[in-house]
Amino acid sequence: MLMSPIRCIILLLLVNFVYSGRVLRKIKEHVRKIQYEKAKKNVLMSAVNGHKPMSEVRDGKIHQPLDHFDSQNDETFPQRFFVNEAYWERPHGPVFLFIGGEGPISEFNVLAGHHVDMAEEHGALLVALEHRFYGESINKDGLETENLGDLSSQQALADVAEFHQYISDRFDLSDKNTWISFGGSYAGALSAWLRGKFPHLVYGAVASSAPVKAKLDFSTFNKVVGLSLADEDVGGSDKCVGDIWEAFAAVEAALFAGNATEVGKDFGCCEIPEDLEDQIEVMQSLADIVMGTVEYNEEGGILTIEEICKIMTNETETYDSETEAYDRLIKLVQIYRATGEEPCLDASHKQTIQDLSDTNLDSAYNGERQWYYQTCTEFGFFQTCEDASCPFSRMLTLQAQTDLCPEVFNIPQHSLPGHIAFTNKYYGGDHPDTDRVLYVNGDIDPWRELSVLEEDLDKEDKDMTILIKGTAHCADMNPGGAADRPALKQARKAIERKVAKWLKEAAWKLVG
C-alpha cells in the first residue's frame, strides 16, 4: 500500500540528520524537501517513459526482537520495510539493500536514487529497512528513557541480519542471489559494518559519507568547514573565512559586553539571550547556518558556499570598519530567515531541552531525541569550536554540548569517553575490519574526517575509496543531474563499475 504524497513529504524531510542545533536540523529538513521534489519528478518522468512503476512497491512490517542478545527477553517491536520488484530478474537476480539511518524511510528509497538506477541495470530486487526506534519502527513507549537502552547500532545490525532471512524466505532466495548494501551518513557506516560483522550476508557494501570512527570531540568538523569556505573551486576564499571569524568574534564581544538585547534584536532572535546558556544557543544557531550550508553545498540547501561568501565579503556596502563583519552576518541571517521562511532565530536553551525530552511518539519522526541518545551512548560527534582552526565562537564547547547527556538522559558525562572507546574497539574506528566495501566521500564534506579515505593495499579483497572533488554530504546517492560536477559524474561511474565487478565476481565464485 502506497502512502499519500503529503505523508511522503513528512518522511523524506527528516532522514539522515546528525544533531548539532535546531537551525542545522531545519536546514537539513529543507534539503530533504528539495530532494523529495527531485525524486518525485524523477519517478514521474520515469513512469511516463514506462519505467519504475510505483505499483510494484510494497511496504510491510516485521516483528523484530527488542533485544537480539537476551534470549530471555521475548519483547518485539514492528520494523518497517519497503520492497520494489519492478526490475528483479527472477529467480537469481541480486538484492540491493538500502539501510535506513536516523530517520524514517519511504517508498522513494526503493524508487529513486543512484542505487535504484543500478538495480534497473542489473535486474536487482530492491529492499529498504527502517532503523529501529525511528519513523514507524518503534513501540508506543519506545522514547521513554528507560526503553532507549535497546537503541544501538549493534541491535540495528542484528535487525538487518533477521531481515535478510525474512526476505530470503519470502522470495525463496538462495546463495545465487547476491546481496549488496547501500547507506549514507550514519547508515553508510551501518552498511560498512554490516559487511564487516556479517560478511556471509552481503557480498559488497557501498558506504557514502560514512563516519565509521566515533569521536567525542569532533572539532575537525569545523576545521573542514573552514577549509571548505576557503576553497575557491566552490566559491570560497581566505577572505571569506577571515570575515566570518571576525563576525563571530564581534557577536561574542557584544554579548560579553552585556549587549544581549541589541544582539537579540539585530539577529531576529526568538527571545532575548540574557542567560549564558541562551547566548550559546545563539552562537550555535549562527554557526549552524554556515555549517549546514557547507555540509549540503549545492545539494538543496538554503544557501551555497558561494552565496555565503559573496554576502560576507561584499565590499560594495558602506559599513563602519569596526562593525563591518558583524553587519554582514546580520544580512546573512536575514537572507537565511527570508529564504527559509523562519520567523525568528532560535535562541532558547530551555526549548532545546524541551525538544530533546519529548517522548511523544509523534516526535519519533523527527528523530532528534533518539539520535542525541546515540551520540551520548555510542558516537559522540559533538561539533565543537575550541580548536584554533574553527571559524566560529569558542563558546561552542564540548562541555556545553555534553551537558545535555545527563540533563536529558541521566547519562553521566564521565561515561562518554568509555562509550566512544568501546564503539571504536567494536568496529575498528577509521581502520575497520572490512573488505569489499566502497567508501565514498566528498572533499568539502566535514564528515569525511571520520570515514575511510585511504585503501588498505594489504587486503586481498581490499576496500576501495573515492574522494569526490567539490562535493558535499551523500551527493553520490542522489540521481544524476545535468548540473552535477564532472567529478561527481565520474564518481558515480566508478561506483557502477565496482558494483558490476562485485556481481560478476560473485557469479564466478558460484560457477567455480
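For clarity, every value in this text was computed on a predicted model and none was experimentally measured. What you see as residue numbers is a count from 1 along each chain, following the sequence as written. Two thresholds apply to this predicted model, a pLDDT of at least 70 for residue-level local features and 80 or more for giving and counting side-chain atom pairs, whereas whole-chain, interface and lining totals are computed over all residues. For side-chain calculations, the full set of non-hydrogen atoms in the structure is used, while hydrogens and water are omitted.

Enquirer: Requested: an account of the nonpolar core, with residues and values cited.
Expert: Inside soluble globular proteins, nonpolar side chains tend to come together where they are buried. Formed by 115 residues in total, the largest nonpolar core has its most connected members in Phe267, Leu286 and Phe392. For Phe267, the contacting residues outside a window of four places in its chain are Val251, Leu286, Tyr326, Leu329, Ile330, Val333, Arg337 and Leu345. The next biggest cluster of nonpolar side chains, apart from the first, holds 37 residues, and it includes Val110, Ala119, Met477 and Ile495. Throughout this description, the term nonpolar core refers to a set of buried Ala, Val, Leu, Ile, Met, Phe, Trp, Tyr and Cys residues connected via side-chain atoms within 4.5 Å. Burial status follows relative accessibility: with a 1.4 Å probe on protein chains alone, a residue under 20% of its type maximum counts as buried, one over 50% as exposed, and anything between as partly exposed. Contact criterion: two residues are considered in contact whenever any of their non-hydrogen atoms come within 4.5 Å of each other.

Enquirer: Please give an account of the sheet that holds strand S2 (residues 76-84) that cites residues and values.
Expert: Neighbouring strands of a sheet are bound in pairs by backbone hydrogen bonds; such pairs are parallel or else antiparallel. Strand pairing is defined by DSSP finding a minimum of two bridges between the two strands. Counting from the N terminus, the helices are the DSSP runs of H or I reaching at least four residues and the strands are the DSSP runs of E reaching at least two. Taken in spatial order, the eight strands make up an open sheet running S1-S2-S4-S3-S5-S6-S9-S10, and their pairing is mixed. The sheet is open, and its two edges are formed by strand S1 (57-65) and strand S10 (464-468), each paired on a single side. If you compare each strand with its neighbour and ignore which way they point, the axes differ by 20 degrees on average. Relative to strand S4 (residues 125-129), strand S3 (residues 95-99) runs parallel, the two being bridged by five bridges. Residue pairing for S4: Ile99 is matched across the bridge by Leu129. Fitted lines through C-alpha atoms give the axes, limited to the stretch in contact for helices. The angle between two N-to-C directions lies from 0 to 180 degrees.

Enquirer: Kindly report on the packing of aromatic side chains, identifying the contributing residues and their values.
Expert: Centres within 6.5 Å make a pair out of two Phe, Tyr or Trp rings, where for Trp the six-membered ring is used; the pair is then stacked when the planes are under 30 degrees apart, edge-to-face when over 60, and tilted otherwise. The tally for this structure, following the rule as stated, stands at 21 aromatic pairs. On the basis of an interplanar angle of 20 degrees and a centroid distance of 6.2 Å, the ring pair of Trp193 and Phe379 is categorised as stacked. Within this pair, whereas Trp193 is found in helix H5 (residues 186-197), its partner Phe379 is found in helix H13 (residues 368-379), the two being separated by 186 residues in sequence. Judged on exposure class, the residue Trp193 and its partner Phe379 are both buried. Residues Tyr426 and Tyr427 carry aromatic rings whose centres are separated by 4.8 Å and whose planes lie at 85 degrees to one another, so their mutual orientation is edge-to-face. Under the relative-accessibility criterion, Tyr426 is labelled partly exposed at 30%. Following the ring pairs from residue to residue traces out a cluster consisting of Tyr186, Trp193, Phe218, Phe221, Trp371, Phe379, Phe381, Phe422, Tyr426, Tyr427 and Trp447. Lying over the aromatic face of Tyr426, Lys197 brings its terminal NZ or CZ to 3.9 Å of the ring centre. Remark: a charge is flagged as sitting over a ring if the NZ atom of Lys or the CZ atom of Arg is within 6 Å of the ring centre and within 35 degrees of the ring normal. Between Arg436 and the ring centre of Tyr203, over which it is positioned, the NZ or CZ distance is 3.8 Å.

Enquirer: Account for a negative patch on the surface, with residues named and values stated.
Expert: Taken together, Asp74, Glu75, Asp141 and Glu146 make up a surface patch of like negative charges. Relative to the assigned elements, Asp74 resides in the loop between S1 and S2. For patch detection, residues must exceed 30% relative accessible area and be free of salt bridges, and they are connected within 9 Å for like charges or within 5 Å for nonpolar side chains (Val, Leu, Ile, Met, Phe, Trp, Tyr). The Shrake-Rupley method, run with a 1.4 Å probe sphere, supplies the accessible areas, and residue values consider only the shown protein chains as cover. The salt bridge criterion pairs a side-chain nitrogen of Lys or Arg with a carboxyl oxygen of Asp or Glu, the two atoms within 4 Å. Positive charges are assigned to Lys and Arg, negative charges to Asp and Glu, while His and the chain termini are left out of the count. Charge positions come from single atoms, namely NZ of Lys, CZ of Arg, CG of Asp or CD of Glu.

Enquirer: Outline the pairing of strand S6 (residues 204-208), listing residues and values.
Expert: With respect to burial, S6 is a largely interior element, five of its five residues being buried. Here S6 shows a buried face lined by Gly204, Val206 and Ser208 and a second buried face lined by Ala205 and Ala207. Both strand S5 (residues 179-184) and S6 contribute to a ladder of five bridges, which runs parallel. Paired with Ile180 across the strands is Gly204, a residue of S6. Think of it like this: strands point away, you trace from the first strand over the helix to the second, and a clockwise trace means the crossover is right-handed. As for the winding sense of the linkage, the β-α-β connection from S5 through H5 to S6 is right-handed. Where S6 and strand S9 (residues 437-442) come together, four bridges link them in parallel fashion. Bridge pairing in S9 places Ala205 opposite Val437.

Enquirer: Account for the pattern of salt bridges, naming residues and giving values.
Expert: All told, the structure shown has 14 salt bridges when counted by the stated rule. Between Lys61 and Glu136 there is a salt bridge, and its shortest N-O distance comes to 3.2 Å. Note that Lys61 is positioned in strand S1 and Glu136 in the loop between S4 and helix H4 (153-170), a separation of 75 residues in sequence. For Lys310, the salt bridge goes to Glu306, with nearest N and O atoms at 3.7 Å. With a gap of four residues between them, Lys310 and Glu306 both fall in helix H10 (residues 305-312), about one helical turn apart. A relative accessible area of 56% places Lys310 in the exposed class. We classify Glu306 as partly exposed; its relative accessible area is 38%. Residues joined by salt bridges that share partners form a network here, namely Asp59, Lys61, Arg80 and Glu136.

Enquirer: Quick one: what's the story with the state of the cysteines, residue by residue and with numbers?
Expert: For this text, the term disulfide refers to a pair of cysteine sulfurs within 2.5 Å. Under the criterion given, the structure shown has four disulfides. One disulfide bridge connects Cys270 with Cys344, the sulfur atoms lying 2.2 Å from each other. On the sign convention where negative is left-handed, the bridge of Cys270 and Cys344, at about 90 degrees about the S-S bond, is right-handed. Separated by 74 residues along the polypeptide, Cys270 in the loop between helix H8 (260-266) and helix H9 (276-295) and Cys344 in the loop between helix H11 (324-340) and helix H12 (349-356) bring together distant segments of the chain. Residue class for Cys344 comes out partly exposed when judged on its relative accessible area of 23%. Disulfide pairing places Cys376 opposite Cys405 at an S-S distance of 2.1 Å. Judged by the torsion about the S-S bond (-85 degrees), the Cys376/Cys405 disulfide is left-handed. One end of the pair, Cys376, is in helix H13; the other, Cys405, is in helix H15 (residues 404-409), and 29 residues separate them in sequence. Residue Cys376 is classed as buried on the basis of its relative accessible area, which comes to 0%.

Enquirer: An account of the environment of Phe218 is needed here, citing residue identities and associated values.
Expert: By the secondary structure assignment, Phe218 is in the loop between strand S7 (215-217) and helix H6 (220-229). Given the relative accessible area of 0%, Phe218 is considered buried. Phe218 sits 73 residues away from Thr145 along the chain, and the two C-alpha atoms are 25 Å apart. Among all residues touching Phe218, those that are not within four sequence positions of it are Phe381, Phe382, Gln383, Thr384, Pro446, Trp447, Glu449 and Leu450.

Enquirer: Residues and numbers for the packing of H13 against helix H16 (residues 416-427), please.
Expert: With their axes 6 Å apart at the nearest point, H13 and H16 run at an angle of 75 degrees to one another. With respect to their mutual orientation, H13 and H16 come out roughly perpendicular. Facing H13, whose interface residues are Thr375, Cys376, Thr377, Glu378 and Phe379, H16 presents Leu416, His419, Ile420 and Thr423. Of the residues assigned to the contact of H13 with H16, the class counts are four nonpolar, four polar and one charged. An angle counts as roughly parallel when it lies under 35 degrees, as roughly antiparallel when it exceeds 145, as roughly perpendicular when it falls between 65 and 115, and as oblique in every other case. Residue polarity is assigned by list, with Asp, Glu, Lys and Arg as charged and Ala, Val, Leu, Ile, Met, Phe, Trp, Tyr, Cys and Pro as nonpolar; anything else, Gly included, falls into the polar class.

Enquirer: Please provide a residue-by-residue account of the side chain of Arg492, values included.
Expert: Mapped onto the fold, Arg492 is located in helix H17 (residues 486-511). Using a relative accessible area of 6% as the deciding quantity, one classes Arg492 as buried. From its side chain, Arg492 meets the backbone oxygen of Asp476 in a polar contact 3.3 Å long. Leaving out residues up to four positions away in the same chain, Arg492 has contacts with His114, Ala475, Asp476, Asn478, Pro479, Gly480, Gly481 and Asp484. Any pair of nitrogen or oxygen atoms within 3.5 Å is treated as a polar contact; in protein, a donor-acceptor pairing is required on top of that, and neighbouring residues in sequence qualify only through side-chain atoms on both sides.

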